[in-house]
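# Breakdown of the fold
Here is what each chain is made of, one letter per residue.
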Amino acid sequence: MNLELQKINGYSVLFVHEERIDAHNSGELKTYLLHLIEQGQIQIVVQLEGVRFIDSSGLGALLSGHKNAITKSGKLALVNVQKQVLSMFELTRLNRVFEIYANVDEALNNDT
Amino acid sequence: MNLELQKINGYSVLFVHEERIDAHNSGELKTYLLHLIEQGQIQIVVQLEGVRFIDSSGLGALLSGHKNAITKSGKLALVNVQKQVLSMFELTRLNRVFEIYANVDEALNNDT
Amino acid sequence: MGAEIIQVDVIIPTQTKYLELIGQLGEQIVQKIDTFAADKDTLAYHLNLVLTEATANAIKHAHHNNPEDTVKIAIHIQDDAINIKVYDHGPGFDLQAVLSPDFDQPKEHGMGLFFIRTLMDSVAYIRTEDGNVLEIIKYLRPTGAKPTCS
Amino acid sequence: MGAEIIQVDVIIPTQTKYLELIGQLGEQIVQKIDTFAADKDTLAYHLNLVLTEATANAIKHAHHNNPEDTVKIAIHIQDDAINIKVYDHGPGFDLQAVLSPDFDQPKEHGMGLFFIRTLMDSVAYIRTEDGNVLEIIKYLRPTGAKPTCS
Ligand SMILES: Nc1ncnc2c1ncn2[C@@H]1O[C@H](COP(=O)(O)OP(=O)(O)O)[C@@H](O)[C@H]1O
Ligand SMILES: Nc1ncnc2c1ncn2[C@@H]1O[C@H](COP(=O)(O)OP(=O)(O)O)[C@@H](O)[C@H]1O
């Protein structure tokens, strides 16, 4: 899986350079997020600009990261979520669970 | 079929905005080229930058245009031919029939 | 449109790397057919998702990722309906007993069949001695105008 | 690799708009399988082309574009070979009588079977009472190492 991590203003910004997140690569995404959080990187932004397809296991991997970050008083926000991918979050009401921003800048500025 | 015609320095430059030329749309390309030539537009450059697939009927459509242009003392050159598409011209030796240039500028400058 | 008959039958090894192939196939079929769907891109996405979820279930739950096994998927378009069948040779399960996710307590798993039920028009799981089949139907008609029985 | 079995059987109306679907399918299958091919993108392109040419011939020459007819295409991968079968119910033709194009006098037509023969390892056209089939084989082995008979 093609993942790129950048540290920006204390945030761990994870760029997912895959067109598709499904049961074939979601396990890798989940494990990667768990490792980040174990290392204490608990302010996470996942950039999904290139992702045009996500299945239930992909949503599950992101939810797992979100839950684990929260347990350690951190958080996991999503940015640049494409239209069709966003509609999967809406169908499952997960758009009420994740903080979703237009892009990385907005996510970093909207921190409370 | 998504075709765009531009007149540049007396040349008719035809941009083929299709990823694929096959038996489904090659007839349209052939007819379009024939009309151009009937109208006296016999200095033709076909820009294939966006085309990543061509089949034998697509080669046939371009060959038909080339032959008709030559009959009227004109010509039909090809530019921005992608690697895999170019290999189809090479297999059929049609690269010896068409003038093939890197881009529109080169085609216009290399006119003899 | 009534004459538009497309049948695709695919057998793949039970490996998740093939999910993309199956999903894309569904997506591309929708892009080619004439449908009344207001938004073809959305229907294409939904079919990609539904095929991915159903095939992933056959791989994960019925065959436990055993790479020697195979899964069969049939996509048939006829009479203004898309008919999908995903076959498995596992122990089977009770589709009726699978509930919708609890949206107030989101979980990592259990969203696959919810997507399939929500996005398609009919879902059934039939167990036979020869194996099981998840049968999914999506009508290609304007919203609200489901076909009358013929 | 020996265990990698993929079977795709497709039936489409004899309409050229479906050529892209068939070609892309071949391309995507190649992208997913493990092959020894040095250049997977090229093999994928070749399979796209060969499927497009063979299916176009069945549509144009055997069914004369009659949109009510259907064409069946089978793509099977097994034992390190890609096996393609394109069925038609037309009058058939004599494959051996089809010569290579005359490269010094290029013509608009007659390059399809040349591509199929040049890019694949074996091509046969079999006529039966039930219909005809163009059978194409491509070995997934390092160049020069064709399989011994088993
Ligand atoms: N083909 C199948 N064979 C056996 N059990 C299945 C099959 N498909 C689904 N199930 C069962 O239904 C449950 C719900 O499936 P689903 O909603 O797709 O979510 P998930 O796969 O994430 O658990 C699965 O956990 C599994 O127990
Ligand atoms: N399935 C088929 N049924 C009948 N004739 C065929 C079939 N496929 C090929 N042919 C014959 O073989 C000839 C050569 O085919 P091909 O090399 O693909 O070039 P083209 O289709 O451009 O003529 C065709 O013109 C046609 O006469």
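Predicted model only: the values in this text are computed from it and were never measured. As a convention, each chain's residues are numbered from 1 in the sequence order in which they are written. To label them, take the chains in the order written and letter them from A, then take the ligands in the order written and number them from 1. Local features are withheld for residues below a pLDDT of 70 in this predicted model, meaning they are given only at 70 or higher, and side-chain atom pairs are given and counted only at 80 or more; totals for whole chains, interfaces and linings count all residues. Note that water and hydrogens are dropped before the side-chain values are worked out from all heavy atoms of the structure.

Assigned secondary structure in chain A consists of four helices and seven strands. In DSSP terms, a helix is any run of H or I states spanning at least four residues, a strand is any run of E spanning at least two, and both are numbered starting from the N terminus. Tracing chain A from N to C terminus, the helices and strands come up as β-β-β-α-β-β-α-β-α-β-α. Relative to the compact-globule value of 13 Å for 112 residues, chain A shows a C-alpha radius of gyration of 13 Å, a close match. Dimensions along the principal axes, computed over C-alpha positions, put chain A at roughly 30 × 25 × 25 Å. Counting all 112 residues of chain A, 53% fall into the buried class. Contacts are assigned to residue pairs with any non-hydrogen atoms lying within 4.5 Å of each other. Of the contacts made within chain A by residues no fewer than 6 positions apart, 68% connect residues no fewer than 24 positions apart. Accessible surface is estimated by sampling points in the Shrake-Rupley manner with a 1.4 Å probe; for residues, cover comes only from the protein chains shown. Here chain A displays about 5,000 Å² of accessible surface, and carbon together with sulfur accounts for 45% of that area. Charged residues are defined narrowly, with Lys and Arg counted positive, Asp and Glu counted negative, and His plus the chain ends left uncounted. Here the site of a charge means atom NZ of a Lys, CZ of an Arg, CG of an Asp or CD of a Glu. A distance of 8 Å separates the average location of the 10 positive side-chain charges in chain A from that of its 13 negative side-chain charges. Only C-alpha atoms enter the radius of gyration, while the globule expectation follows 2.2 Å times N to the 0.38, with N the number of residues. Exposure categories follow from relative accessible area, calculated using a 1.4 Å probe and restricted to protein chains: below 20% of the type maximum is buried, above 50% is exposed, and the middle band is partly exposed.

Here we come to unusual backbone geometry. The backbone phi angle of B:N9 is positive, close to 50 degrees, even though this residue is not glycine. Assignment of secondary structure puts B:N9 in the loop between strand 1 (3–8) and strand 2 (11–16).

Here the focus is the packing of helix 1 (residues 19–32) of chain D against helix 2 (residues 40–62) of chain D. Residues and elements named next belong to chain D. Helix axes are fitted only over the stretch in contact, all axes being lines through C-alpha atoms; the angle between N-to-C directions runs from 0 to 180 degrees. Helix 2 packs onto helix 1 with a crossing angle of 150 degrees between their chain directions and a minimal axis gap of 8 Å. Taken together, the axes of helix 1 and helix 2 lie roughly antiparallel to each other. Both helix 1 and helix 2 take part in a crossing whose hand is right-handed. Across the interface between the two elements, L19, I22, G23, Q24, G26, E27, V30 and Q31 from helix 1 touch K40, D41, L43, A44, L47, N48, L51, T52, T55, A56 and I59 from helix 2. An angle below 35 degrees is read as roughly parallel, one above 145 as roughly antiparallel, one from 65 to 115 as roughly perpendicular, and any other as oblique. Rotating anticlockwise by less than a right angle from the far helix to the near helix defines a left-handed crossing, while the corresponding clockwise rotation defines a right-handed one.

Moving on, we get to the pairing of strand 4 (residues 122–128) of chain D. All names here are of chain D. DSSP calls a pair of strands paired once it identifies at least 2 bridges connecting them. When strand 4 meets strand 5 (residues 131–139), the two strands line up antiparallel, connected through seven bridges. The residue of strand 5 that forms the bridge with Y125 is L134. Connecting strand 4 to the antiparallel partner strand 5 that follows it, the hairpin turn spans two residues.

Turning to the sheet that holds strand 7 (residues 99–101) of chain B, a few remarks are in order. All names here are of chain B. Read from one edge of the open sheet, five strands run 1-2-4-6-7, paired in mixed fashion. The open sheet terminates on both sides in strands that have one partner only, identified here as strand 1 and strand 7. Put simply, the sheet's adjacent strands are angled 25 degrees from each other on average, direction ignored.

Another point: the interface of chain B and chain D. Counting residues at the interface gives 25 residues for chain B, matched by 26 residues for chain D. Accessible surface is computed with a 1.4 Å probe, and the buried area is the amount of it that two parts give up when combined, taken over both parts together. Across the chain B to chain D interface the summed buried area is about 2,200 Å²; carbon plus sulfur atoms make up 61%. The rule for a salt bridge is simple: a side-chain nitrogen of Lys or Arg has to be within 4 Å of a carboxyl oxygen of Asp or Glu. The tally of links from chain B across to chain D stands at three salt bridges. A salt bridge links B:R52 to D:E27; the shortest N-O distance between them is 2.7 Å. Contacts described as polar in this section are N or O atom pairs within 3.5 Å, which, within protein, must combine one atom able to donate a hydrogen with one able to accept it, while residues neighboring in sequence count only if both atoms come from side chains. Taken together, the links from chain B to chain D amount to 11 residue pairs in polar contact (both at pLDDT 80 or more). Elements with a minimum of two residues in the side of chain B that touches chain D: strand 5 (53–54), helix 2 (56–71) and helix 3 (83–91) of chain B. The element best represented in the side of chain B that touches chain D is helix 2 of chain B, accounting for six residues. Classifying every residue of the side of chain B that touches chain D by side-chain character gives 10 nonpolar, six polar and nine charged. Here the nonpolar group is Ala, Val, Leu, Ile, Met, Phe, Trp, Tyr, Cys and Pro; Asp, Glu, Lys and Arg are the charged ones; every other residue, Gly included, is treated as polar.

Attention now moves to the site of ligand 1. Residues and elements named next belong to chain C. By convention in these notes, a residue is near a molecule or strand provided one of its non-hydrogen atoms lies within 4 Å of it. What surrounds ligand 1 is a group of 13 residues, the closest being N57, H61, D88, G110 and L113. For ligand 1, an oxygen atom lies 3.4 Å from a polar atom in the side chain of K60. G112 places a polar main-chain atom, nitrogen or oxygen, 3.4 Å from an oxygen atom of ligand 1. The fraction of the free accessible surface of ligand 1 (530 Å²) that becomes covered by protein chains is 81%. Broken down by secondary-structure element, the contributors of at least two residues to the shell around ligand 1 are helix 2 (40–62) and helix 3 (112–119). With four residues, the single largest contributor to the shell around ligand 1 is helix 2. Taken together, the residues that form the shell around ligand 1 break down as six nonpolar, five polar and two charged.

The next point concerns the site of ligand 2. Residues and elements named next belong to chain D. Every one of the 13 residues lining ligand 2 counts as a neighbour, but N57, H61, D88, G110 and L113 are closest to it. A distance of 2.8 Å separates an oxygen atom of ligand 2 from a polar side-chain atom of H61. Between ligand 2 and D88, the relevant distance is 3.1 Å, taken from a nitrogen atom to a side-chain nitrogen or oxygen of the residue. About the coverage of ligand 2: the protein hides 80% of its 540 Å² of free accessible area. Put simply, the parts of the chain that give the shell around ligand 2 at least two residues each are helix 2 and helix 3 (112–119). When residues in the shell around ligand 2 are grouped by element, the largest group, four residues, is from helix 2. When grouped by side-chain class, the residues that make up the shell around ligand 2 number six nonpolar, five polar and two charged.

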